[in-house]
Amino acid sequence: MVAGTTVAVDLGGTHVRSALVADDGTVTGRLRRDTPRAAPTPAIVTEMIAEVVEQCRPWSRPDRVVVGVPGLVDHEAERLIHAPNLPAGWVGHLHHDWLSDRAGLPISMANDADLAAVGE
């Protein structure tokens, strides 16, 4: 089993992508779906977390999730404040507790552009 793996999720207005990434940067699984804009909640995020984890068993078990969102994030409250490219009803669901309770893993959220800069 690979220790120290992270599920990375990129939630966008058009697509949602997820990957399981080891601490050394090795990607052991990835998924891509269209963003279900008509869905009442962003359940696609936790569904894709579960799917990428299942895809990579038994050799990987993540210990955390990082979700990149296209909007303004309140890092202290661990929630999305505003995201003009996502369905308006999703903003209230995109916070640490809602996501973590459903994913069963600790979740961190950040602006997608900030995460891209860190990745560089």
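Residues numbered from 1 in each chain as written. Predicted model: local features only at pLDDT ≥ 70, side-chain atom pairs only at ≥ 80, totals over all residues. Heavy atoms only, no water.

### Section: the nonpolar core
Part 1 of the argument: By size, the foremost hydrophobic cluster in this structure holds 29 residues, and its most contacted members are I49 and L80.
Part 2 of the argument: When contributions to this core are tallied by element, the ones reaching two or more residues are β1 (2-11), β2 (15-21), α1 (43-55), β4 (60-69), α2 (96-103) and β7 (107-111).
Part 3 of the argument: When residues of this core are assigned to their parent elements, the largest contribution, six residues, is made by α1.
Part 4 of the argument: Apart from residues no more than four positions distant in its own chain, L80 is found in contact with V69, G71, L72, V73, L86, V91, L94 and M109. (Core = buried A, V, L, I, M, F, W, Y, C linked by side-chain atoms within 4.5 Å. Buried < 20%, exposed > 50% of the residue type's maximum accessible area, 1.4 Å probe, protein only. Helix = DSSP H or I, 4+ residues; strand = E, 2+ residues; numbered from the N terminus. Contact = heavy atoms within 4.5 Å.)

### Brief notes about unusual backbone geometry
Part 1 of the argument: Not every positive phi belongs to a glycine, and E78 is a case in point at roughly 55°.
Part 2 of the argument: On the basis of relative accessibility, which here comes to 35%, the residue E78 falls in the partly exposed class.

### Things to note about the pattern of salt bridges
Part 1 of the argument: Under the counting rule described, the total for this entry stands at three salt bridges.
Part 2 of the argument: The partner of R33 in a salt bridge is E51, with the nearest N and O atoms 2.4 Å apart. Of this pair, R33 sits in strand β3 (residues 27-34) while E51 sits in helix α1; the two residues are 18 residues apart in sequence, bridging distant segments of the chain.
Part 3 of the argument: Exposure remark for R33: the relative accessible area of 29% places this residue in the partly exposed category.
Part 4 of the argument: Ionic pairing is found between R64 and D63, a salt bridge with its closest N-O pair at 2.6 Å.
Part 5 of the argument: Taking the relative accessible area as the measure of exposure, R64 reaches 30% and is therefore partly exposed. (Salt bridge = Lys/Arg side-chain N within 4 Å of Asp/Glu carboxyl O.)

### Description of the environment of L94
Part 1 of the argument: For L94, the location among the structural elements is in the loop between β6 (79-82) and α2.
Part 2 of the argument: Taking C-alpha positions, L94 is 20 Å from L31, a pair spaced 63 residues apart along the chain.
Part 3 of the argument: Apart from the residues lying within four places of it in its own chain, the contact partners of L94 are L11, P42, R79, L80, L86, L99 and M109.

Nothing here speaks to function; it is geometry throughout.
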